[in-house]
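# Remarks on the overall topology
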Amino acid sequence: MVKLICAHSDRTRSAAAVGLSLLLVTAAGCGASDQGQSSFSDNSSSPSLVLSSSSASVSSEDTEIERGDSAVSDSDRENASSQDQQTVLNQTRAALNTKGTEMLPAARRLPISVPVTKGCSLTATTSSQPTHYQVKFCETSQPVEIDSPAASKGTLIATVEGIQYKNAASANENISGYEKVDASNSEELFNLGHNIKAVGDAGTGHKYLTWNEGRWCIKVDSPIDPAFQNKEYPDGKQLARNIVAYLENHTLPAPQKIGVIQSVIWNQSYEATVQWQENQMVYQVTSEDPMTVLKVAVAMK
């Protein structure tokens, strides 16, 4: 626990109360306010603590922080979260029994490979066969063992799976939705930034944006009627710009030939998928949240 050494005893008591309040806030875990959020952050951060300007307030001028073994900083919390994630990911990989080449999220460029709501813990359920494996990453209010009944009741974050086909050609044929976009013949082009342009199309109430980046084909499917908009992602063009901006600084696995990213953002029908082929394997990441699926996919190795 962080101790505050003050010049006066009343300030010492005030600092201790502040420390106790912080511990109680942190121990609350996934409260009702967290459960209402549908987006996740990469890095856990401490709750903000605002001190009132009363006579018992502690000023930085006469306060010294003594850092002992029990002192916890933001960096310590991030490191602990990273270590906890790595433990879960290691246990998940060890639980799989398949002949195919496994790919799972791992600490690659970011310390947090699977985005988890602040105050929650990562867990997983696994299933595997000789030619197929599936991992469902979930979050729970308290740490729980992978493949436990408590893990299966957690809130689903993303699903990762791999399927082995008889050869690379068969694997390639099972990548659905890929197309090479010809922007030169399109009447409707949208600038997504970073020299990327998407082709627009519409039909039966859908608005489609499609573009290519390297070997990837990326698609966003949103409704024309505002009544069917997804409240988290109401604007398909803005989501497309966000995807392009994210991929400018984060690297997806390189498909052997092709890969497809599809985001469907309707209020009653929403899912994002990243799918790519490597030799005989087809890998897929799915999530309800388009940005979550990208964060998990870039951590795959």
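Remember, it's a predicted structure, so these values are computed and weren't measured experimentally. (Residues numbered from 1 in each chain as written. Predicted model: local features only at pLDDT ≥ 70, side-chain atom pairs only at ≥ 80, totals over all residues. Heavy atoms only, no water.)

### Examining the packing of helix α6 (residues 236-249) against helix α7 (residues 290-298)
Formally: Axis definition: a line fitted to C-alpha atoms, over the contacting stretch in the case of helices. Angles run 0 to 180 degrees between N-to-C directions. In this description a helix means any DSSP run of H or I spanning at least four residues, a strand means any run of E spanning at least two, and both kinds are numbered starting from the N terminus. An angle below 35 degrees is treated as roughly parallel, one above 145 as roughly antiparallel, one from 65 to 115 as roughly perpendicular, and anything else as oblique. When the near helix sits turned anticlockwise from the far one by under a right angle, the crossing is termed left-handed; a clockwise turn instead gives a right-handed crossing. Only heavy atoms enter the contact rule, under which two residues are in contact if any of them lie within 4.5 Å.
Interhelical geometry of α6 versus α7 gives an angle of 20° and a closest axis separation of 11 Å. As the angle between them shows, α6 and α7 are arranged roughly parallel. Here α6 runs over α7; the crossing is right-handed. Together, L239, N242, I243, Y246 and L247 of α6 and P290, M291, L294, K295 and V298 of α7 make up the contact between the two elements.

### Notes on the packing of aromatic side chains
Worth spelling out the cut-off: Pairing of aromatic side chains here covers Phe, Tyr and the six-membered ring of Trp, requires ring centres within 6.5 Å, and sorts the geometry by plane angle: under 30 degrees stacked, over 60 edge-to-face, intermediate tilted. Between buried and exposed lies partly exposed: a residue is buried under 20% and exposed over 50% of the maximum accessible area for its type, with that area taken using a 1.4 Å probe on protein chains only.
The final tally for this structure, using the stated rule, is 3 aromatic pairs. An angle of 55° between the planes, with centres 6.1 Å apart, marks the rings of W216 and W276 as tilted. Taken together, the residues span a long stretch of sequence, with W216 in strand β9 (residues 216-223) and W276 in strand β11 (residues 270-278) at a distance of 60 residues. Of the two residues, W216 and W276, neither departs from the other in class, the shared state being buried. Aromatic pair F228 and W266: ring centres 5.9 Å apart, planes at 40°, arrangement tilted.

### Digging into the pairing of strand β7 (residues 196-203)
Defined as follows: A strand pair is defined by DSSP finding two or more bridges across the two strands.
When strand β6 (residues 189-193) meets β7, the two strands line up antiparallel, connected through 4 bridges. When the sheet's bridge partners are listed, G193 is paired in β7 with I196. From the end of β6 to the start of β7, which pair antiparallel, there are 2 residues, and H194 there has a positive phi angle of about 55°. Alignment of β7 against strand β8 (residues 206-213), held across 5 bridges, turns out to be antiparallel. From the neighbouring strand, A202 faces β8, where its bridge partner is K207. Linkage of β7 to β8, two consecutive antiparallel strands, is achieved through a turn of 2 residues, within which T204 is found at a positive phi near 45°.

### Description of the sheet that holds strand β5 (residues 155-164)
One open sheet holds the 10 strands; their spatial order is β3-β4-β5-β12-β11-β10-β9-β8-β7-β6, and the pairing between them is mixed. Looking along the sheet, the strands with just one partner apiece sit at the ends: β3 (121-129) and β6. Within this sheet the neighbouring strands show an average axis-to-axis angle of 15°, counted without direction. With 8 bridges joining them, β8 and β9 adopt antiparallel strand pairing. Directly across from L209, in β9, lies its bridge partner V220. Packing of α6 onto the sheet brings it into contact with β6, β7, β8, β9 and β10 (259-265), and relative to β8 it is tilted by some 15°.

### Some words on α6
We apply this condition: Helix span is expected to be 1.5 Å times the residue number reduced by one.
Under the 1.5 Å per step criterion, the end-to-end length of α6 is 21 Å for 14 residues, consistent within 8% with the ideal 20 Å. Structurally, α6 contributes buried residues whose contacts are with β6, β7, β8, β9, β10 and α7.

### Quick look at the confidence of the model for the chain
This is how it is decided: Residue-level confidence of the predictor is what pLDDT reports, using numbers from 0 through 100.
Within the chain, residue pLDDT values average 79, and 72% of them lie at 70 or more. This model gives residues 1-29 a pLDDT under 50, and the stretch forms 42 contacts once residues within four places in sequence are excluded. Counting interchain partners and residues more than four positions distant, the pLDDT-below-50 stretch residues 31-78 has 65 contacts.

### Thoughts on the pairing of β3
In terms of strand pairing, β3 meets strand β4 (residues 132-140) through 9 bridges, oriented antiparallel. Bridge pairing in β4 places L122 opposite E139. The turn joining β3 and β4, which pair antiparallel and follow one another in sequence, is formed by 2 residues.

### Focus on the side chain of D289
Spelled out, the test is: This count recognises Lys and Arg as positive and Asp and Glu as negative, with His and chain-terminal groups excluded. Only one rule defines a salt bridge in this text: a Lys or Arg side-chain nitrogen within 4 Å of an Asp or Glu carboxyl oxygen.
You can see D289 is positioned in the loop between β12 (281-287) and α7. Buried and unpaired, D289 has no salt bridge, with K295 as the nearest side chain of opposite charge at 6.3 Å.

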